[in-house]
Amino acid sequence: MTDPIEEIIVRARREQRLYLLEHECKAILKSIGVPSTSCLVAKSEEEAVSMSEAIGYPVVLKILSPEIIHKSDAGGVKLNLGREEVKGAYSELIAKFKDRHVVGVSVQEMAKPGLEVIVGAMRDATFGPVLMFGLGGVFVEVLKGVSFRVIPVAERDAQEIMEEIKGYQLLQGYRGQSADVASLRDILLKVSDLVMAYPAIKEVDLNPVFAYPKGSLVVDARMILEEAPPREIAAVPKTDLTAVFEPQSVAVIGASATPGKVGFNIVDNLLRLGYEGEVYPVNPRAEEILGFKAYPTVDQIPHQVDMAIIATPARVAVDVMRDCARKGIKSAIIISSGFAEESEEGRRLEEEVVAIAREAGIRILGPNTTGIFNPENKFTSSFIPVDRVASGNVAFIAQTGLFLGVLFEHILSSQHFGISKVAGMGNKADLDDADILEYLARDAQTKVVAMYIEGLSDGRRFLKVAREVTREKPIVVLKSGTTEAGAEVALSHTASLAGRAEIFDAACKQAGISRVHSFEELLDVVKGFSFLPLPRGNRVAVIHYTGAACVIAADACQREGLELAEFSPATVKALGEITPTWHRIRNPIDLWPAIERHWVDTAYGVAIEAVLRDEGVDALVVSVFAMPRWKTYKPDFDLLRASGKPVLFCVEGNEELVRKATARVEGQGFPVYPQVNRAVFALSHLSKYTHFRKKTTSP
Ligand code: ADP
Ligand code: MG
């Protein structure tokens with residue numbers, strides 16, 4: 001038995017059509033169990049009448065033509081026709097489109113009015129098939145109420161895609177209208193399955209779907225086919241990246257004895273950091289470099305070599321890669337630029353280098369990057385002077401080489417969380433973000449992964465790996481190049497294509513990725529994850545020394561989806577003991593009146609202890625001040641730790657004193673933020689991540 005869907009696709013292709021007509025689409029919908037108005041095709045007035053009789057009045061007639069995509073714009077839709085009107089409407093349509101290739105006239109029942117929604121699917125360059133949902137009619141234009149999910153979608157996604165749109169209340173019921181959300185979810189899931197099962201279908205557009213209090217009905221449908229049947233993409237080899245991060249021996253190809261040169265700095269970094277493995281500089285004109293014996297080519301090194309750092313000019317990279325293949329090296333970091341990011345010629349060169357590497361089973365990081373930093377074995381491929389190791393639990397994956405340079409210095413000198421691994425990705429000619437994520441998922445040193453992404457080559461694989469990683473560890477992503485202006489810059493920078501902002505956002509939600517929009521936010525959120533346990537829920541207590549900031553904090557909580565905890569009677573009682581009777585106790589806690597009476601140790605001490613003991617509080621944000629002639633409050637860190645709840649600090653006041661207090665508090669493992677709203681923002685990401693984890697682990 002042939003598959004009716006396949007048959008329709010084959011017929012369209014034979015007729016050299018990419019556009020499936022309404023009746024064909026409805027036949028497809030019928031075969032997957034999605035209800036729609038009927039898909040009868042009349043080829044004569046008599047047929048139109050007899051079909052109408054069979055369906056029952058009123059009916060709708062629509063022109064069916066591969067040349068007419070927007071039927072009503074072209075005057076090709078006749079609604080609400082009675083018995084007397086069908087003949088006239090039919091001949092009118094035929095006359096109107098006599099110069100077009102007309103297949104026939106669609107005859108269908110006039111659906112009773114419902115709430116109009118759109119269900120769509122399209123293929124995104126980065127993420128592949130994507131599902132879309134929105135309100136139909138004028139709403140879609142006025143409210144821009146559409147949202148996306150990457151296909152395949154889980155039932156939960158099909159629910160969330162609806163809840164996310166502006167105007168979801170309309171579906172839930174408003175002024176007598178309401179929609180059967182379950183029936184819409186069913187349509188969404190079936191469309192998701194359809195485009196997964198039929199890669200030839202490029203776009204689906206069910207517009208409108210009428211949603212009723214009971215059931216939903218597709219009133220119009222369009223589908224577009226892929227121009228060429230999609231070709232299979234060769235699966236990427238999965239490799240153990242131990243040698244990339246933890247090489248026991250490394251050859252520096254293009255090593256130099258001249259201070260300041262890239263090839264010098266790399267060797268110098270390894271030397272100064274005290275890299276634990278063997279270093280073999282490769283340079284045909286040197287006997288030794290920085291005390292290491294040099295070799296003319298990599299294949300003349302008489303020892304095992306795990307990793308090649310390539311810092312030669314791009315034009316010799318092909319020869320160098322051949323040498324590496326001969327030597328049997330399994331991993332390489334290409335530092336050099338002058339590849340795909342620069343010119344067409346560079347792109348070809350890059351492809352050739354990758355082809356040689358694939359053949360030889362070599363995995364490449366880069367080109368055009370600073371590469372790896374691993375404080376554990378003190379290995380780095382960076383050519384930017386690195387002085388410090390500062391090991392910790394945050395791993396960074398960054399598309400920009402800038403990361404292992406200036407930003408790295410910024411982090412190491414300003415932040416007190418340490419770093420577990422850094423991978424500068426460069427052009428991602430071979431290894432990409434997903435490969436590195438897979439490694440970091442299993443890296444015992446890494447608690448949280450921070451990423452800076454401009455473009456993804458294989459969004460689907462990234463999503464799949466990220467989904468697995470977020471079951472264990474949070475991922476925080478800063479993605480740039482999502483606005484059109486940004487995308488152009490990204491194209492010329494790392495030669496990558498940026499996806500659309502909404503689709504990237506949707507992908508993050510599906511994978512439980514924390515998405516941020518600036519380096520400041522990235523560091524704020526990562527710091528929270530690095531230091532703190534996850535909150536059990538989203539109920540937060542805020543303690544501040546001024547009323548104004550309490551209002552700001554309350555606003556921030558609401559904006560970020562955190563709930564201000566309702567205090568238990570015991571907490572209110574404890575707070576009452578330090579608070580003057582005229583002052584109302586509420587959350588956020590304005591502590592100033594208590595501070596005036598009892599000064600900081602007692603006021604903060606009592607308040608913190610009370611709220612942390614409160615079962616209704618999942619997390620705490622505390623603001624303290626650091627002033628020249630006042631004592632800065634010093635928390636009882638053991639008590640904070642014992643609570644098992646995340647506690648975020650905010651320190652304001654004299655710059656020098658703030659810096660000192662920050663170092664002290666963060667030294668004890670509690671993050672400090674300069675303003676209360678930034679602490680709230682960071683906490684909200686911890687809370688959302690908790691929520692995601694609960695959602696994905698519960699059946
Ligand atoms: P197109 O989108 O190609 O212009 P549609 O088939 O969507 O054509 O028809 C235009 C509008 O007419 C729809 O948005 C819907 O409001 C209405 N309509 C179309 N078919 C029906 C039907 N069978 N029952 C009720 N209303 C319909
Ligand atoms: Mg339509």
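Nothing here was measured: the structure is a model prediction, and the numbers come from that model. (Residues numbered from 1 in each chain as written. Chains lettered and ligands numbered in written order. Predicted model: local features only at pLDDT ≥ 70, side-chain atom pairs only at ≥ 80, totals over all residues. Heavy atoms only, no water.)

Student: So what exactly am I meant to see when it comes to the layout of surface pockets here?
Tutor: Where empty space is left becomes clear once a probe the size of a water molecule has been rolled over the atoms. Taken as a whole, the second largest pocket holds about 740 Å³ of empty space. Forming the boundary of the second largest pocket are 22 residues, of which E164, K509, I513, K688 and K695 lie nearest the centre. Broken down by secondary-structure element, the contributors of at least two residues to the lining of the second largest pocket are α6 (155-163), α17 (501-511), β25 (514-516), α19 (547-560) and α24 (676-697). Among the elements that take part in the lining of the second largest pocket, α24 stands out by supplying seven residues, more than any other. (1 Å grid on protein atoms, 1.4 Å probe; cavity = no way out; pocket = protein on both sides within 12 Å on 5 of 7 lines; lining within 4 Å. Points joined across faces, edges and corners; volume = space filled by probe spheres on them. Helix = DSSP H or I, 4+ residues; strand = E, 2+ residues; numbered from the N terminus.)

Student: Which parts of the structure should I look at to understand the site of ligand 1?
Tutor: With respect to spatial proximity, 20 residues lie near ligand 1, and among them K62, K71, S72, A111 and D220 are the closest. Take R222: an N or O atom from its side chain is 3.4 Å from an oxygen atom of ligand 1. Taking 540 Å² as the accessible area of ligand 1 by itself, protein coverage stands at 86%. Only β3 (59-64), β4 (77-81), β5 (104-109) and β9 (201-211) provide two or more residues apiece to the shell around ligand 1. The residue makeup of the shell around ligand 1, split by class, is nine nonpolar, five polar and six charged. (Near = heavy atom within 4 Å. Polar contact = N/O pair within 3.5 Å; in protein donor to acceptor, adjacent residues only side chain to side chain. Areas by Shrake-Rupley, 256 points an atom, 1.4 Å probe, with all protein chains shown as cover. Nonpolar A, V, L, I, M, F, W, Y, C, P; charged D, E, K, R; others polar.)

Student: Looking at this structure, how should I read the sheet that holds strand β12 (residues 249-253)?
Tutor: To summarise the sheet geometry, strands pair through backbone hydrogen bonds and adopt either a parallel or an antiparallel arrangement. Strand order in the open sheet formed by five strands is β13-β12-β16-β17-β18, with parallel pairing between adjacent strands. The outermost strands of the open sheet, each flanked by one partner alone, are β13 (278-282) and β18 (363-365). Averaged over all neighbouring strand pairs, the angle between strand axes comes to 20°, with direction disregarded. The pairing of β12 with β13 spans five bridges and is classified as parallel. Bridging across to β13, V250 finds its partner in V279. The strands that helix α11 (residues 317-327) touches are β12, β16 (307-310), β17 (331-334) and β18; relative to β16, the one it contacts most, it runs at about 170°. (Pairing = 2+ DSSP bridges. Axes fitted to C-alpha atoms, helices over the stretch in contact; angles between N-to-C directions. Contact = heavy atoms within 4.5 Å.)

Student: Explain the coordination of the magnesium ion (ligand 2) here, please?
Tutor: Ideal geometry at a metal centre gives angles of 109.5 degrees when four donors are arranged tetrahedrally and 90 or 180 degrees when six donors are arranged octahedrally. Those donors, N207 (O) and D220 (OD), are the protein atoms that reach the magnesium ion (ligand 2), and they lie 2.2 Å from it. Here D220 lies in the loop between β10 (216-218) and β11 (221-225) and N207 lies in strand β9, a separation of 13 residues in the sequence. Assessed through its relative accessible area of 8%, D220 is described here as buried. (Donors = N, O, S within 2.8 Å, 3.2 Å for Na, K, Ca; no water. Buried < 20%, exposed > 50% of the residue type's maximum accessible area, 1.4 Å probe, protein only.)

Student: Can you walk me through the sheet that holds strand β2 (residues 40-42) in this structure?
Tutor: Sheet architecture is open: four strands sit in the order β2-β5-β3-β4, paired in antiparallel fashion. Each of the sheet's edge strands pairs with one partner strand only, and the pair in question is β2 and β4. Between one strand axis and the next, the sheet turns through 30° on average, direction left out of account. Sheet topology note: the β3/β5 ladder contains six bridges and is antiparallel. Note on β5: the bridge partner recorded for L61 is V107. Here helix α2 (residues 22-31) sits on the sheet and contacts β2, β3 and β5; the angle it forms with β3, its principal contact strand, is near 115°.

Student: How do you make sense of the pairing of strand β23 (residues 448-453) when you look at a structure like this?
Tutor: One face of the sheet, then the other: side chains in a regular strand alternate in exactly this way. Within β23, six of the six residues are buried, which leaves it mostly tucked inside the rest of the structure. Where burial is concerned, the two faces of β23 agree: the one with V448, A450 and Y452 and the one with V449, M451 and I453 are both buried. The pairing of strand β21 (residues 391-398) with β23 spans five bridges and is classified as parallel. Within the sheet, the bridge partner assigned to A398 lies in β23 and is Y452.

Student: Got a minute to help me understand the packing of aromatic side chains in this structure?
Tutor: To describe a pair of aromatic rings, one takes the distance between the centres and the angle between the planes. Inspection of every chain in the model, using the stated rule, returns 16 aromatic pairs. Pairing Y545 with F625 gives two aromatic rings, centres 5.1 Å apart and planes at 85°, and the pair type is edge-to-face. A residue pair is termed long-range when its members are at least 10 positions apart, and Y545 in the loop between β26 (539-544) and α19 and F625 in strand β29 (residues 619-626) qualify at 80 residues. Across the pair, exposure class does not vary: Y545 and F625 are buried alike. Here the aromatic cluster, defined as three or more aromatic residues joined through ring pairs, consists of Y545, W592, W599, F625 and W630. Here K293 stacks its cationic end above the ring of Y295, 4.9 Å away from the centre of that ring. The ring of Y673 carries the charged tip of K527 above its face, separated from the ring centre by 4.8 Å. (Phe/Tyr/Trp six-rings, centres within 6.5 Å; stacked < 30°, edge-to-face > 60°. Lys NZ or Arg CZ within 6 Å of the ring centre and 35° of its normal.)

Student: Looking at this model, I keep getting lost on the nonpolar core. Mind explaining?
Tutor: Where a protein is soluble and globular, its nonpolar side chains tend to be buried together. Membership of the largest hydrophobic core comes to 79 residues, with the highest contact counts inside it found for F396, I543, L591, Y604, I608, L620 and V622. The element that contributes the greatest number of residues to this core is helix α21 (residues 592-613), accounting for nine residues. Apart from the residues lying within four places of it in its own chain, the contact partners of L591 are I543, H544, Y545, I578, A603, Y604 and A607. In terms of nonpolar packing, the next biggest core, distinct from the first, is built from 57 residues, F127, A423, M425 and I475 among them. (Core = buried A, V, L, I, M, F, W, Y, C linked by side-chain atoms within 4.5 Å.)

Student: Mind showing me how you'd approach the packing of helix α1 (residues 4-14) against α2 here?
Tutor: Each pair of packed helices gets described by two things: the angle between the helix axes and the distance between those axes. Orientation of α1 relative to α2, taken along the N-to-C sense of each, is 160°, at an axis distance of 9 Å. Overall, the two elements α1 and α2 adopt an arrangement that is roughly antiparallel. Where α1 crosses over α2, the two elements pack in a sense that is left-handed. Facing P4, I5, I8 and R11 of α1, the residues of α2 in contact are E24, A27, I28 and S31. A class-by-class count of the residues in the contact of α1 with α2 yields five nonpolar, one polar and two charged. (Parallel < 35°, antiparallel > 145°, perpendicular 65-115°, else oblique. Left-handed = near helix turned anticlockwise from the far one by under 90°.)

Student: It is not clear to me how helix α15 (residues 459-469) should be interpreted in this structure. Could you clarify?
Tutor: Given 3.6 residues per helical turn, the α-helix brings residues three or four places apart onto the same face. Taken together, the buried positions of α15 are occupied by G459, R461, F462, L463, V465, A466 and V469. Elements that come into contact with the buried residues of α15 comprise β8 (146-150), α14 (433-441), β23, β24 (475-479) and α17.

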